[in-house]
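# Inside the fold
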Amino acid sequence: MRSKHLGQGILHTFLILLGIVWIYPFVWMLSSSLKTNVEIFNSGIKLLPETPQWDNYVRAWTEANFSGYFLNTVIVTISTVVIVVVMCALTGYALGRVNFPGRNLFIAAITATMFLPKGYTIIPIYQVIKAIGLLNTLPGIIVAESSGAHVLFILLFMTYFMKVPHELEEAAEVDGMGFLRTFWHVMLPLSKPMIATTAIMQFIWTWNSFFYPLVFTLNNPDLRTLAVGMFSFFGEHSVDWSGVTAGASISLIPIILVFVFFQRYFIEGISGSVKG
Amino acid sequence: MAEALPIRANTRKSGSFNKRKWIRYFWAYMFILPQLVFFIVFTIYPIIMSYVYSFYDWSGIGPLNKFVGFENYERLLKDRQFWNAFENTFVYMIGVTALLLLTTLLMAILLNNERMKGRTFYRTLYFLPVVTTTSIVGIIMRMIFGNENALVNDVLMSLGILDEPYPWLGKATSAMIVVIIVGAWKFFGMMMVYWLAGLQSLPRDIYESASIDGANAFQAFRHITVPLLLPIGAVVLLLCVVECMHVFDLVKTLTNGGPYFATDMMDLYIYRQAFDVRGFPSLGYASAAGIFFGLSVFAMTLVLVWISRRAKAKD
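Residues numbered from 1 in each chain as written. Chains lettered and ligands numbered in written order. Predicted model: local features only at pLDDT ≥ 70, side-chain atom pairs only at ≥ 80, totals over all residues.

## Examining the overall build of chain B
Regarding its fold elements, chain B presents 12 helices and 0 strands. Beginning at the N terminus, the succession of helices and strands in chain B can be written as α-α-α-α-α-α-α-α-α-α-α-α. Computed over C-alpha atoms, the radius of gyration of chain B comes to 25 Å, more than 25% over the 20 Å expected from 2.2 N^0.38 for 315 residues, which places it beyond the range of a compact globule. With the C-alpha coordinates aligned to their principal axes, the bounding extent of chain B is approximately 80 × 70 × 35 Å. Counting only residues that meet the buried cut, chain B has 37% of its 315 residues in that class. Long-range contacts, defined as pairs at least 24 residues apart, comprise 71% of the intrachain contacts of chain B with a sequence gap of at least 6. (Helix = DSSP H or I, 4+ residues; strand = E, 2+ residues; numbered from the N terminus. Rg over C-alpha atoms; globule rule 2.2 N^0.38 Å. Buried ≥ 20, exposed ≤ 12 C-beta atoms within 10 Å, placed from the backbone. Contact = placed C-beta atoms within 7 Å.)

Quick look at the structure:
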């Protein structure tokens, strides 16, 4: 028994020490964001600053335009989440409850595109956004971020709605509810866990998205999101380390908080994608 | 993926049945319409056009009218920078996969044990890098590794491992090693959760009967867990390979392919051809590179699927 306790102790010590190393880059980022530029270079691994330099955050927020990047990121992320959740809930409901002609073809088609070999699809997507006149606008980025077949989310909603007993729908019909009202008042409220999973996963993906915002803001720096703004800021001010780390903290703290509070939904969503 | 299960047919037979059915069909079509439009415009059309563009000489400005056949592909196969990026991508993929495949399984087995204290805490801790913005992590890592006075050199020197600062991102081999280590660190939590999901899908009663039969922990692992885990492992491996092959955000921000293209990757190379050029971009050429690379990744996944089928058939 004693050796078992000892083994457990060693294991936990190892996991905690490794864990500290694991998240140390973020700790370093936070600590550097409160130091002066001279301190970052000279203090070695000392974590606490002499006096916290909140000014770094003010500088990043106003001079480096992180306030603008932050607002763009929030607008793009929230809009994308709303569009994707609405689209996937509607599609999942239709697929899960109605055996309409073409249903199986639709499911097969969206699933197949996940596995099809494809080329550099950003070029045609760019051309489409240009053709509908949304190039160099925030809606253009939002539409691009909402593109894709969302196969995982649709199948999540579909299997969920399939499991709802038929009696519920029939009872709603007896009460005189039509298709729309049944969906809105009976079915959609039931699917709250699916809505939460979809919303949280899409939120984290869009917040972190780099490639689409990078391509779609090449000609308009005012539309940059945090992920892209940070990159160009570093390119232009690579000496201002405390400013860069303050900007990085502004970008990462919200997403880390969202994850810590809602991680159950996120991890369940990922697990669901592998099991399925 | 979930099967396309047929829905239980509504067996009620009344006079208004047909009308009711068509109303339901109508609403179902209305419900899938937004996704269908998005799907056609932003998924199907781009996939088709990604092939079409690859046969044209096109800068993105003006009409698509200079058909060149396989010329882009011929140029591609002769481009040493293309093959350099191609090779680097494989080195990166193999490096990350080798670092992760078994370590993440081990961590998942540890955290899957219900008697383990603090398992949710550890899971959150080790998963955290996954949810952080890759491009920003790349920049932070550039500051941590990339400077004489940076954290890594500071720590190694104060521990006496290094006598003088080492230019981690300035030398070809060490830059690739740093990219691989950071990439593995960033993806570790994701792999761990994949494995955890797989472990939790294993039947539990089989372990009880095994322990009644007198199997010890190692025997149970060797004869029950391993064969059951192989098919899951094939899926996890596949997800890891595909993810690594398309590395972009991390190298773009951490090394931008440097030093001297030593960490140039496929998606970075294609991006340069399409968007990061002075003068006219060569979208046709970039598309050809995209198709060639897409087909390579596809071929590799087919081989992996084939191997896992063979492995399964043997058991």
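That was the structure; now back to the text.
## Structural notes on the overall build of chain A
The helix and strand inventory of chain A stands at 14 helices and 0 strands. Scanning chain A from its N terminus toward the C terminus, one meets helices and strands in the order α-α-α-α-α-α-α-α-α-α-α-α-α-α. On C-alpha atoms alone, chain A measures out to a radius of gyration of 24 Å, which is more than a quarter above the 19 Å that the 2.2 N^0.38 rule sets for 276 residues. Each principal axis of the C-alpha distribution contributes one length, and for chain A these read about 75 × 70 × 40 Å. The buried share among the 276 residues of chain A stands at 43%.

## Some thoughts on helix H13 (residues 226–236) of chain A
Along H13(A), 8 of the 11 residues are buried, which leaves the element largely enclosed by surrounding structure. Along H13(A), the positions that sit buried rather than exposed are A:Leu226, A:Ala227, A:Val228, A:Gly229, A:Met230, A:Phe231, A:Phe233 and A:Phe234.

## Quick word on the interface of chain B and chain A
Contacts between the two partners involve 73 residues from chain B and, on the opposite side, 72 residues from chain A. Broken down by secondary-structure element, the contributors of at least two residues to the side of chain B that touches chain A are helix H1 (17–52), helix H4 (119–131), helix H5 (134–145), helix H6 (151–158), helix H7 (172–200), helix H10 (249–254), helix H11 (266–274) and helix H12 (283–314) of chain B. A total of 21 residues in the side of chain B that touches chain A trace back to one element, the largest contributor, which is H1(B). Taken together, the residues of the side of chain B that touches chain A sort by class into 52 nonpolar, 17 polar and 4 charged. (Nonpolar A, V, L, I, M, F, W, Y, C, P; charged D, E, K, R; others polar.)

## Comments concerning the environment of B:Ser135
Secondary-structure assignment places B:Ser135 in helix H5. Sequence spacing of B:Ser135 and B:Phe17 is 118 residues, and the spatial spacing of their C-alpha atoms is 56 Å.

## Some details on the nonpolar core
Counting 157 residues, the largest nonpolar core has A:Phe157, B:Met191 and B:Met192 as its most contacted members. The element contributing the most residues to this core is H7(B), with 17 residues. In this structure B:Met192 touches B:Thr104, B:Met107, B:Ala108, B:Tyr126 and B:Phe127, once residues within four positions along its chain are discounted. (Core = buried A, V, L, I, M, F, W, Y, C linked by C-beta atoms within 7 Å.)

## Notes on the confidence of the model for chain A
Predicted confidence across chain A gives a mean pLDDT of 87, with 96% of residues reaching 70 or more. Across chain A, element-level confidence peaks in helix H4 (residues 66–97) of chain A with a mean pLDDT of 94 and bottoms out in helix H2 (residues 37–42) of chain A with 73. (pLDDT = per-residue confidence, 0-100.)

## Digging into unusual backbone geometry
A positive phi angle, close to 60 degrees, is found at A:Asn136, a residue other than glycine. Its identity as a non-glycine residue notwithstanding, B:Tyr260 has a phi of 50 degrees, on the positive side.

## Looking at the confidence of the model for chain B
On average, residues of chain B carry a pLDDT of 86, and 90% of them reach 70 or more. What the predictor reports for the complex is a pTM of 0.90 with an ipTM of 0.90.

## What to know about the environment of B:Trp168
Residue and element names in this part refer to chain B. Considering the arrangement of structural elements, one finds Trp168 in the loop between H6 and H7. Residue classification places Trp168 among the buried residues on the basis of 21 C-beta atoms within 10 Å. Put simply, Trp168 and Lys19 are 149 residues apart on the chain and 71 Å apart in space, counted from C-alpha to C-alpha. Setting aside chain neighbours within four positions, we find Trp168 in contact with Phe145, Gly146, Val152, Ser174, Ala175 and Val178.

## Notes on the packing of H4(A) against helix H11 (residues 192–208) of chain A
Residue and element names in this part refer to chain A. In the contact formed by H4 and H11, the axes pass within 9 Å of each other and the chain directions differ by 145 degrees. In this structure, the crossing between H4 and H11 has a hand that is right-handed. Where H4 abuts H11, its residues Thr73, Val76, Thr77, Thr80, Val81, Val84, Val85, Cys88 and Ala89 lie against Ile195, Thr198, Ala199, Gln202, Phe203, Thr206 and Trp207. (Axes fitted to C-alpha atoms, helices over the stretch in contact; angles between N-to-C directions. Left-handed = near helix turned anticlockwise from the far one by under 90°.)

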